[in-house]
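Observations on the model geometry
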Amino acid sequence: MSLSFGRSYLAIPGPSVMPDRVLRAMHRPGPNIYEGELVAMMPDLIDDLRAIARTRQNVAIYIANGHGAWEAALSNVLAPGDAVLSLCTGRFGHGWSEMAEAVGAQVRIEEFGLRAPVDPDRVEAALRADTDQRLRAVLLTHVDTSTSIRNDVAAVRAAMDAAGHPALLMVDCIASMGCDRFEMDRWGVDIAVAASQKGLMVPPGLAFVFFSDKAARVRADMARVTRYWDWTDRANPELFYQYFGGTAPTHHLYGLREALNMIAEEGGIEAVWSRHAHLARAIWAAFECWSEGGPLTLNVSDPAHRSCAVTALRIGAPHGTALRRWTEDKTGVTLGIGLGMQSADDPKADGFFRLGHMGHLNAPMVMGALSSIQSGLIALGVPHGAGALDAAAQVISEA
Ligand SMILES: *Cc1c(COP(=O)(O)O)cnc(C)c1O
């Protein structure tokens, strides 16, 4: 039988759970897009977005997903033939590199594998080796959602400064924004990209590009930027429609307004980061117990390099896929697939899965997902260590 009656739980690393409040805010007739409430709410919305990214600089909004955010950011600062250095710690680092190639950049990849973060010393060495300073940008993924590695953005900035290199620092925060601490201005980030459907709790469809005044000057020197991706008018609109290069994403904006209200009511972004960090510790405690007596292991062994938004697991084929199917069918909990982990003996990454813990998440959701996983391990006969749910409850008890 199935015990999944009632509300299902999408525990994948994006799109994440949408709060009822966000859905209700979107459930309304279409507003006037020329004047009135929607137009009036934009300045505060922009300010609140800046606060989430911890920047006083510029932001442009696009009707797009994360891939659109990548292309938007790259299109504003790179011309065909420009060289970029891309620091890869998983599938999304490579995806962003491929997007850079598609806009005509020459991409040099620094590969750090699937289980370790970017090594800032190697970044500094690569930048020093670029003696004629041809590199225009360094691409970094803050949290690579495929591996759940969290990179040290400030350390990469320090490496760039130590090398005295003028390249722009461009950071993919699509998975991390609203989950893992990110300080755009303090960490010296030039461009940060995000999207609505992960930590920001809004359905897929909005992309955000935050950019520094330095990046704006690079854009100003570009010979040509394609019209839709050009951030100039979007960030400094004289007319409302210029925010979006056309019709506004009306209902997504109401959803985003409500999500930002929820973040403010919780106590602001610092409180949201603390909740994510505490719940992530509970999740890691459970996985560490299970890994004591079986094949399940956390992909990232050092907690200092783990994301608070997503956890990637190794369990050996075919258990990853079997466990995902079991928890979805029997308990209504949908776990994430293994992404970018394929190998010759596991071409479909059946030996991997991921747990998303981003955005609209609380203690009973975490305990529910963990107990569904434990039930699945028992039902499928996958050996596992004891005490995982107790360990998670212990962490939660320390709230
Ligand atoms: C989800 C994600 C993307 C891609 O976003 P889409 O909305 O699927 O296009 C890119 N980078 C990271 C780190 C992500 O988590």
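This text gives an overview of the structure that appears in the document. Counting restarts for each chain, with residues numbered from 1 along the sequence as it is written. Predicted model: local features are reported for residues with pLDDT of at least 70 only, side-chain atom pairs are reported and counted for 80 or more only, and whole-chain, interface and lining totals are derived from all residues. Side-chain descriptors were evaluated using all non-hydrogen atoms of the structure, hydrogens and water having been removed beforehand.

Within strand E9 (residues 191–195), 5 of the 5 residues are buried, which leaves it mostly tucked inside the rest of the structure. Relative accessible area decides the class of each residue, using a 1.4 Å probe on protein chains only: under 20% of the type maximum gives buried, over 50% gives exposed, and in between gives partly exposed. The way it works is that DSSP assigns letters per residue, a run of H or I at least four long becomes a helix, a run of E at least two long becomes a strand, and they are numbered from the N terminus. Neither face of E9 is open: one carries Ile-191, Val-193 and Ala-195, the other Ala-192 and Ala-194, and all of them are buried. Sheet topology places strand E8 (residues 168–172) next to E9; 3 bridges connect them, and they run parallel. Bridging across to E9, Asp-172 finds its partner in Val-193. Two strands qualify as a pair provided DSSP detects at least 2 bridges between them. Sheet topology places E9 next to strand E10 (residues 206–211); 5 bridges connect them, and they run antiparallel. Across the sheet, Ala-194 pairs through a bridge with Phe-208, a residue of E10.

The subject of this paragraph is helix H9 (residues 250–266). Helix span, as expected, comes to 1.5 Å for every residue beyond the first. With 17 residues, H9 extends 25 Å between its outermost C-alpha atoms, agreeing within 8% with the 24 Å of an ideal straight helix rising 1.5 Å per residue. Most of H9 is tucked away, with 12 of its 17 residues classed as buried. All buried positions along H9 are accounted for by Thr-250, His-252, Leu-253, Tyr-254, Gly-255, Leu-256, Arg-257, Glu-258, Ala-259, Leu-260, Met-262 and Ile-263. Of the surrounding secondary structure, the elements contacted by the buried residues of H9 are helix H1 (20–26), helix H2 (37–53), E10 and helix H10 (269–291). Of the residues flanking the end of H9, it is Gly-267, one or two places downstream, whose phi is positive at about 125°. Only heavy atoms matter for contacts: two residues are in contact if any of them lie within 4.5 Å across the pair.

A fitted line through C-alpha atoms serves as each axis, taken over the contacting stretch for helices, and the angle formed by two N-to-C directions is quoted from 0 to 180°. Two elements in contact, helix H11 (residues 319–331) and helix H12 (residues 363–380), have axes whose closest approach is 9 Å; the angle formed by their N-to-C orientations is 115°. Considering the angle they form, H11 stands roughly perpendicular to H12. Crossing handedness for the pair H11 and H12: right-handed. Between H11 and H12, the contacting residues are Ala-322, Leu-323, Trp-326, Thr-327 and Thr-331 on the first element and Ser-372, Ile-373, Ser-375, Gly-376, Leu-377, Ala-379 and Leu-380 on the second. Note on residue classes: Ala, Val, Leu, Ile, Met, Phe, Trp, Tyr, Cys and Pro are nonpolar, Asp, Glu, Lys and Arg are charged, and everything else, Gly too, is polar. Residues belonging to the contact of H11 with H12 are distributed by class as follows: 7 nonpolar, 5 polar and no charged. Here the word oblique covers every angle except those under 35 degrees (roughly parallel), over 145 (roughly antiparallel) and from 65 to 115 (roughly perpendicular). The crossing is said to be left-handed when, going from far helix to near helix, the turn is anticlockwise and less than a right angle, and right-handed when the turn is clockwise.

This part takes up the site of the ligand. For each residue, the test is whether any non-hydrogen atom lies within 4 Å of the molecule or strand; if one does, the residue is near. What surrounds the ligand is a group of 13 residues, the closest being His-67, Thr-145, Asp-172, Gln-197 and Lys-198. Whenever a nitrogen or oxygen atom comes within 3.5 Å of another N or O atom, the pair is scored as a polar contact, on the condition that within protein one atom can donate a hydrogen and the other can accept it, and that pairs from neighbouring residues in sequence are kept only if both atoms are in side chains. Take Asp-172: an N or O atom from its side chain is 2.7 Å from a nitrogen atom of the ligand. Lys-198 places a side-chain nitrogen or oxygen 2.6 Å from an oxygen atom of the ligand. For the ligand, the accessible surface in isolation is 380 Å², of which the surrounding protein chains cover 90%. No other element matches helix H3 (residues 66–77), which puts 3 residues into the shell around the ligand. Among the residues making up the shell around the ligand, the classes are represented as 5 nonpolar, 6 polar and 2 charged. Per-residue accessibility takes into account occlusion by the displayed protein chains alone, with areas from the Shrake-Rupley method and a 1.4 Å probe.

Glancing now at the pattern of salt bridges. We define a salt bridge as a contact between a side-chain nitrogen of Lys or Arg and a carboxyl oxygen of Asp or Glu at a distance within 4 Å. Taken as a whole and assessed by the stated rule, the structure comprises 23 salt bridges. Across the pair Glu-265 and Arg-21 runs a salt bridge whose closest N-O atoms are separated by 2.8 Å. You can see Glu-265 sitting in helix H9 and its partner Arg-21 sitting in helix H1, a full 244 residues away along the chain. Classification of Glu-265 as exposed rests on a relative accessible area of 56%. Among the salt bridges present, the one from Glu-37 reaches Arg-28, with a minimum N-O distance of 3.0 Å. A single network of salt bridges, built from pairs that share partners, joins Arg-54, Arg-181, Glu-183, Arg-186 and Glu-270.

As for its position among the elements, Leu-87 is in strand E3 (residues 83–88). Along the sequence, Leu-87 and Leu-140 sit 53 residues apart, while their C-alpha atoms lie 5.4 Å from each other. With residues up to four places along the chain from it excluded, the contact list for Leu-87 reads Glu-110, Phe-112, Val-118, Val-123, Val-138, Leu-139, Leu-140, Thr-141 and Val-156.

Looking now at the sheet that holds E9. Within a sheet, neighbouring strands are paired by backbone hydrogen bonds and run either parallel or antiparallel to one another. With mixed pairing, the 7 strands of this open sheet are ordered in space as E2-E10-E9-E8-E5-E3-E4. Single-partner strands in this sheet number two, and they are strand E2 (58–63) and strand E4 (106–111). The average undirected angle you get between the axes of adjacent strands in this sheet is 20°. By the bridge criterion, 6 bridges tie E2 to E10 in an arrangement that is antiparallel. When the sheet's bridge partners are listed, Val-59 is paired in E10 with Phe-210. Those strands touched by H3 are E2, strand E5 (135–141), E8, E9 and E10, and its axis lies near 155° from that of E9.

Let us now look at the side chain of Ser-86. With respect to the helices, strands and loops of the structure, Ser-86 is situated in strand E3. A distance of 2.7 Å separates polar atoms of two side chains, one belonging to Ser-86 and the other to Ser-97. Beyond its immediate chain neighbours, meaning those up to four positions away, Ser-86 contacts Gly-93, Ser-97, Val-107, Arg-108, Ile-109, Glu-110 and Leu-139.

Let's shift gears to the sheet that holds strand E1 (residues 9–11). Strand order in the open sheet formed by 5 strands is E1-E13-E14-E12-E11, and the pairing between neighbours is mixed. Here the strands that pair on one side only, and so sit at the sheet edges, are E1 and strand E11 (297–298). Where E1 meets strand E13 (residues 333–337), 3 bridges bridge the pair, whose relative direction is parallel. Counterpart to Ala-11 in the pairing with E13 is Leu-335.

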